[in-house]
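Residue strings, one per chain:
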Amino acid sequence: KNNVWKGMDVTSYVNPARNFLQYGVFGIEQIPDCQRTIGYPFFLVVMMKIFSTNWLLYTFILQALIFALIYPTITNIIKIVIGNNKFVINGTFLFLVFSGTYLVYTTVILTDTLMTVLLTLEIYFGLKAVINKSYIYLIINIIAIGLAGQIRPILFLFGFINLFILYSFAKIRKIENEKRVKWIII
């Protein structure tokens, strides 16, 4: 009441998490609710369970640390795709910082940024899976997109885009016809 969350959708994530802790159901008391996917409320459940009354402070801290992963992840994607071009890497970093793209300056529950970081990690690990022909990177890739999809289910459409990204990347590297790479992409 009368706080920064008034009129925002934050409570639509916090309330299902609190309800889950009390009733074991994401919803209202014993009635499941489909207003929100369970991904972010489940993240809040874990934070509430671990940190009890201080859960919100630690959620902000953990989110800030997770959000900071975007910078090295994008840098590594650049290195994989175009090489270690310092001008592009530094320019991208400066653009992201000065445009405010990934700067968090308010203390609110931020589902979209968490989903974006997980999606970007998925792209990175997908590229690593193709380059290294590694099923381990593929598994991490699938976990990252699975977690992101639990936050924003529209990501089911990303599967088609991901096929295009990975196939195009494999074709550029001239490894698209290798059997293991084909299985990784599929």
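K.L.:
So what exactly am I meant to see when it comes to the packing of aromatic side chains here?
P.N.:
Each aromatic ring pair is summarised here by two numbers: the centre-to-centre distance and the angle between the ring planes. All chains considered together, the criterion is met by seven aromatic pairs. Geometrically, the ring pair formed by Y71 and F93 is edge-to-face, given 5.3 Å between the ring centres and 70 degrees between the ring planes. Pair noted here: Y71 is in helix α4 (residues 70-82) and F93 is in helix α5 (residues 86-99), with a separation of 22 residues, a long-range link. Owing to a relative accessible area of 15%, Y71 belongs among the buried residues under this scheme. Among the residues examined, F93 registers a relative accessible area of 39% and is labelled partly exposed. Taken together, a centroid distance of 5.9 Å and an interplanar angle of 25 degrees make the contact between F125 and Y137 stacked. Residue F125 is found in helix α6 (residues 111-132), and its partner Y137 is found in helix α7 (residues 135-151); the two are separated by twelve residues along the sequence. Among the aromatic residues, ring-to-ring pairing joins Y13, Y40 and F43 into one connected group.

K.L.:
Is there a simple way to explain the nonpolar core in this structure?
P.N.:
Nonpolar side chains in soluble globular proteins generally cluster together in the buried interior. Core analysis: the largest hydrophobic core is formed by 46 residues, its most contacted members being Y40, L44, L114 and V130. Sort the elements by how many residues they give to this core and α6 lands first, with eleven residues.

Rules used throughout
Residue numbering note: each chain is counted from 1, following its sequence as written. Totals for whole chains, interfaces and linings use every residue, but because this is a predicted model, local features are given only for residues with pLDDT of at least 70 and side-chain atom pairs only at 80 or more, for both listing and counting. The basis for the side-chain values is all heavy atoms of the structure; hydrogens and waters are excluded. Between the rings of Phe, Tyr and Trp (Trp by its six-membered ring), a pair exists once the centres lie within 6.5 Å; its type follows the angle of the planes, with under 30 degrees stacked, over 60 edge-to-face, and the other angles tilted. Secondary structure elements follow DSSP: runs of H or I of four or more residues count as helices, runs of E of two or more count as strands, with numbering from the N terminus. Under the scheme applied here, a residue whose accessible area is under 20% of the maximum for its type counts as buried, over 50% as exposed, and between as partly exposed, the area being computed with a 1.4 Å probe on protein chains only. Buried residues of nine kinds, namely Ala, Val, Leu, Ile, Met, Phe, Trp, Tyr and Cys, make up a nonpolar core once their side-chain atoms join them within 4.5 Å.

Purely spatial values, then, with no claim about function.
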